[in-house]
Amino acid sequence: RSSLTERIRAAAQLLNDQLGAVTQVEQDDSGVTITGAACPLAALTRKNRGACLAIESLLSESVGVRVRESCDRRDRPRCRFRVSVRRVGPAAGSG
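Keep in mind it's a predicted model, so treat the numbers as computed, not measured.

Draft legend 1. Seen up close, the overall build of the chain. Counting secondary structure elements, the chain contains three helices and four strands. Moving toward the C terminus, one meets the helices and strands of the chain in the order α-β-β-α-α-β-β. A buried classification covers 38% of the 95 residues belonging to the chain. In the chain, the proportion of contacts linking residues at least 24 apart, taken out of those at least 6 apart, comes to 53%. Total accessible area computed for the chain in this model is approximately 5,700 Å², and 48% of it derives from carbon and sulfur atoms.

Draft legend 2. Representation of the side chain of Asp 72 in the model. Among the secondary structure elements, Asp 72 is positioned in the loop between β3 (67–69) and β4 (80–83). Within the local environment of Asp 72, its side chain forms a polar contact with the side chain of Arg 74, the two groups lying 2.9 Å apart. Apart from residues lying up to four places away in sequence, Asp 72 is in contact with Pro 77, Arg 78 and Arg 80.

Draft legend 3. Representation of the side chain of Asn 16 in the model. Following the sequence through the fold, Asn 16 ends up in helix α1 (residues 4–19). With near-sequence residues (within four places) excluded, Asn 16 lies in contact with Ala 21, Val 22 and Thr 23.

Draft legend 4. How the structure looks around the pairing of β4. Here β4 shows a clear split, with Phe 81 and Val 83 buried on one side and none of Arg 80 and Arg 82 buried on the other. Examined bridge by bridge, strand β2 (residues 31–36) and β4 share four bridges and lie antiparallel to one another. Across the sheet, residue Thr 35 finds its bridge partner in β4, namely Arg 80. Where β3 meets β4, three bridges bridge the pair, whose relative direction is antiparallel. Across the sheet, Glu 69 pairs through a bridge with Phe 81, a residue of β4.

Draft legend 5. Spotlight on the sheet that holds β3. Strand order in this open sheet of four strands is β1-β2-β4-β3, and the pairing throughout is antiparallel. The open sheet has two edge strands, β1 (23–28) and β3, and neither has a second partner. With strand direction ignored, the average angle separating the axes of adjacent strands in the sheet is 25 degrees. With respect to the sheet, α1 is in contact with β1, β2 and β4, its orientation differing from that of β1 by roughly 150 degrees. Its contacts with the sheet put helix α3 (residues 50–63) on β3 and β4, and the angle it makes with β3 is roughly 165 degrees.

Cut-off values and rules
Within any chain, residue numbers begin from 1 and follow the written order of that chain's sequence. Note on the predicted model: pLDDT of at least 70 is required for a residue's local features to be given, and 80 or more for side-chain atom pairs to be given and counted; whole-chain, interface and lining totals, by contrast, use all residues. Think of the side-chain values as coming from all heavy atoms in the structure, minus any hydrogens and water. The way it works is that DSSP assigns letters per residue, a run of H or I at least four long becomes a helix, a run of E at least two long becomes a strand, and they are numbered from the N terminus. Classification of residues uses two cut-offs on accessible area relative to the type maximum, computed with a 1.4 Å probe and protein chains only: under 20% is buried, over 50% is exposed, and between them is partly exposed. Should any heavy atoms of two residues lie within 4.5 Å, those residues are considered in contact. Calculation of accessible area relied on Shrake-Rupley with a 1.4 Å probe; when residues are assessed, cover is drawn exclusively from the protein chains displayed. The definition of a polar contact used here is a pair of N or O atoms within 3.5 Å, where within protein one atom must be able to donate a hydrogen and the other to accept one, and adjacent residues in sequence count solely through side-chain atom pairs. Any two strands with at least two DSSP bridges between them are considered paired. Structural elements are reduced to axes, namely lines fitted to C-alpha atoms, with helices fitted over the stretch in contact, and the angle between N-to-C directions of any two is expressed from 0 to 180 degrees.

The following block contains the structure:
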């Protein structure tokens, strides 16, 4: 089984490849976030967060841990998905 870091990066790449997103994986002391430069589904998500919740579910299944959407739906919508982990990296093992 791949490491949690690899699964998070693969999930971000899935958004890029399948939805045309441009994402990056960011880590801070409280966890990991997949952040998009914009939202490829902005026409849908601006008024209805259902698409974001569907992607949240897809990412949770892909990564194998809980993922929560915290997308920015203001003037320039941006994807943002928070992965529920404390630390990701070699020391974290396989999650």
